[in-house]
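Residues per chain, in single letters:
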Amino acid sequence: MGHDAPSASPSLAAHFEPMSLLETLSDAAIFLDASGIIQYANAKAATLLGVEKQELLGKIVWQCAPSLVTITLYQAVHTALYTQTSFQVEYRSPVTQAWLRIHLSRTSQGVALFFAEDANIQRRHDLFRQSTQWYQDLLENLSEHVALLTPEGLLLEVNPRSLTAAGVTREEVIGKPFTQFPLWASTPDIQEQWRVAIGQARKGEDVHFEVEICTHTGQDIVLAITLTAHHDINQQVEYLICVGLDITKRAYVEEELWDLIDAIPHFVWIAQPDGTVIYNNRRLCEYTAMTPQQAQGDGWSTSLHPDDRQHALDVWQAAIRTGTPYEVEHRICNGNTGEYRWFLARGMPLKASQGTILYWAGTCTDIDEQKRSEAALRQSRERVQTLMDSNIIGIIVAEDDIIVEANDTFLRMTGYNRDDLRQRKINWVQMTPPEYVTRTQQGHQELALHQRMTPYEKEYVGKDGSRVPVLVGGVMTRLNPHQAIYFALDNSARKELEQRKDDFLNMASHELKTPLAVIKMRAQLARRHLEKQGHLEVAATLTKVEEPIRQIERLIGDLLDVSKIQAGRLEYTYESIDINALLHETTEIIQQMNPGHAIVMHDAGPFALVGDKNRLEQVFINLLSNATKYSPPGSTVEVACDISAEAVTVSIRDHGIGIPQEQCEKIFERFYRVFDPRQRKVPGLGMGLYIVAEIVRQHGGTIAVESEIGQGSTFRVTLPLHR
């Protein structure tokens, strides 16, 4: 009786039981009345709750479904009851911990619930199967209206129930045409239906149809009419037997069920045995922007993606020929937006007891997100496999100390093989040389805390005992807290190149030092000789030559210091030093060299610490030189000391161009220079701050910088007073 129900096909309506739709849904279906009492539960619901269906009927859902009941469900049911709306909610079962998606629809007596586990958007299928218990209950005690007719349709006998419904006496209707019976005497359509039915029954056919009538008390009822012929001994039609079952309740439920089928979040369709589609629910029609008439027959196929259409039709025809279930994935066009989404279409043949197909019933379930997830997962796996196949980066998976998986690059890098891997003989802790253990432990602590590790340099000991310089990084896996993925880049080539560069710088520095000393000495002798002879102007010119020579000396000294630092051979001579006095001497030197700047020293008074005077002087000269180089002429450079019981902090502040925040940590790296067009005019190789940081570290101190573009920089050196 629903607005889209296939009532236009009497042959189908005779066999079609709408309640079977609920029995065949892949979702669990439960009908509650307004008091929360279960009026109906399909087999899926019984399976979900782990009980027999009969044990659920008539019981309050809150008392017999502990695996479903939560405050979320309780509130959702009450919302559906009081707002008369359909919606869905999701929550996790407190018992099974499975995620559930519940679609709630208001019914005239209460609310209908459709449950589905949603661990991976489970496919919904088997929408239609035969119903037994619920439909049986609906049909009990409904054989109430009986009449006997002549083959011509005159009323011979009628039971009291029919007379009461019509509000007439027996004498008023006996012998009269049954088409004029008061229950439909004023309804021409029903009268015509009776005339056709009587004509068919008179020929020996069994006739089934339904009529909706109004009793004399104003009550609307629906009768399921069965009209059969009674034959005499000569097999001639003697009279007609008319039985009317009051199916008002069932018809009302059917109409409500059709409304529910229209509202459920699936596309539902019904087809005749030959595959002709005769019904599509409202959701399907709204999505495709088709009328029910346009979607019938094979009109539904026009909404399929052109690349999927022929395959879907071929699978459908094969299912019709063999009578086997239909299942295919294809894309359906949203008629309102033009967008295509993936759907899983499934169909089941519903058969009579003798095996003949009565009709096909099926669903289309939106699996677009699942398909996208599968595509993303496939792409992710391909990327991972591409990365694992890399011949540049070694990749390992470790559980605690044991390497459980590795790509060929890592095995080739370290000399191990697949058998070693399978036998779990590769232990990254045992592969770490003693001098790298502390740094490695720090890296793993960072990994445990932040789920990732900042790449650092170390060495691995290969299977043959050789050492492999590597750059190592890592991330924790989300699924296993004891498992991590590490990336190892072979650093041998870079280390070798650095060593060659260091060797070259060391050799070049030594080779340049001797001739430069000779040049400096001869320039000084020539200047003095000219001064004695009175050639003061020429002598003054030679004086200007000595300053570039001193700059080259400092550059060569820095190169030698860098080489010594890399080799671990930079020497220190420790003694007690008055830092305040050292700072005064240093500022005076830099002030004389840079008269265009004002260097202000905030005197902190005498205090001593243990250190290498020459090296610390080198630190402060470098920092003060940088402050003047990167500051505009006429600006001020400030030097201050803060003393505590444990340490002294020397701050050198300029008002120059500043350093970008993201580069402040990098300026202490070897040969690093800030990338800024304004600094290209300032000479330098990026060695000074590297040497400064190393000297401070060797004194047990720290160095840091605070800077803002256009506002200048402040370098802070903190040194312990006692070592």
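Keep in mind that this is a model prediction, so the values were computed, not measured.

Counting residues in hydrophobic clusters, the biggest one holds 42 residues, and the most contacted among them are Ile579, Phe620, Leu623, Ile652 and Phe715. Sorting the residues of this core by element identifies helix 20 (579-593), strand 22 (598-601), helix 21 (613-629), strand 24 (636-643), strand 25 (647-653), helix 22 (688-698), strand 26 (702-708) and strand 27 (712-720) as the ones contributing at least two each. At seven residues, helix 22 tops the list of elements feeding residues into this core. When residues no more than four places from it in sequence are discounted, the contact partners of Leu623 are Ile652, Leu689, Val692, Ile703, Phe715 and Val717. Formed by 29 residues, the second largest nonpolar core is a distinct cluster that contains Leu155, Ile221, Ala229 and Leu240.

All right, on to the packing of aromatic side chains then. Here the structure, examined in full by the defined rule, presents 17 aromatic pairs. Each ring, one from Trp194 and one from Phe209, has its centre 5.1 Å from the other, and the planes form 85 degrees; the classification is edge-to-face. Of this pair, Trp194 sits in helix 9 (residues 188-202) while Phe209 sits in strand 8 (residues 207-214), placing them 15 residues apart in sequence. Each member of the pair, Trp194 as well as Phe209, is classed as buried. Among the aromatic residues, those joined into a cluster by ring pairs are Phe178, Phe181, Trp184, Trp194 and Phe209.

What follows deals with helix 9. Look at helix 9: 21 Å from first C-alpha to last across 15 residues, which is about the 21 Å you get at 1.5 Å a residue. Ile190, Gln191, Trp194, Ala197, Ile198, Gly199 and Ala201 are the residues of helix 9 that are buried. In the segment just after helix 9, Gly204 is the residue with positive phi, at about 95 degrees.

The next point concerns the pattern of salt bridges. Under the definition given, this model contains 17 salt bridges. For the salt bridge of Arg697 with Glu694, the shortest nitrogen-to-oxygen distance reads 3.0 Å. Taken together, the positions of Arg697 and Glu694, both in helix 22 and three residues apart, correspond to about one turn of that helix. Overall, Glu694 belongs to the buried group, its relative accessible area being 14%. By sharing partners, the salt bridges in this structure join Glu339, Arg341, Asp366, Asp368 and Arg372 into a single network.

For the coordinates displayed, the defined rule picks out five cavities of 30 Å³ or more. Counted as a void, the largest cavity has a volume near 170 Å³. Trp269, Asn280, Leu284, Trp300 and Cys364 are, among the 13 residues lining the largest cavity, the residues nearest its centre. Among the elements of the structure, strand 12 (277-280) and strand 13 (326-333) are those that each provide at least two residues to the lining of the largest cavity. Per-element tally for the lining of the largest cavity: the top contributor is strand 13, with three residues. Considered class by class, the residues forming the lining of the largest cavity number 10 nonpolar, three polar and no charged. Estimates place the volume of the second largest cavity at around 80 Å³. Looking at the lining of the second largest cavity, the elements that each hand over two or more residues are strand 6 (143-149), strand 9 (220-231) and strand 10 (237-246). Per-element accounting of the lining of the second largest cavity gives the leading share, three residues, to strand 6.

What counts and how
- Residues numbered from 1 in each chain as written.
- Predicted model: local features only at pLDDT ≥ 70, side-chain atom pairs only at ≥ 80, totals over all residues.
- Heavy atoms only, no water.
- Core = buried A, V, L, I, M, F, W, Y, C linked by side-chain atoms within 4.5 Å.
- Buried < 20%, exposed > 50% of the residue type's maximum accessible area, 1.4 Å probe, protein only.
- Helix = DSSP H or I, 4+ residues; strand = E, 2+ residues; numbered from the N terminus.
- Contact = heavy atoms within 4.5 Å.
- Phe/Tyr/Trp six-rings, centres within 6.5 Å; stacked < 30°, edge-to-face > 60°.
- Expected span 1.5 Å × (residues − 1).
- Salt bridge = Lys/Arg side-chain N within 4 Å of Asp/Glu carboxyl O.
- 1 Å grid on protein atoms, 1.4 Å probe; cavity = no way out; pocket = protein on both sides within 12 Å on 5 of 7 lines; lining within 4 Å.
- Points joined across faces, edges and corners; volume = space filled by probe spheres on them.
- Nonpolar A, V, L, I, M, F, W, Y, C, P; charged D, E, K, R; others polar.

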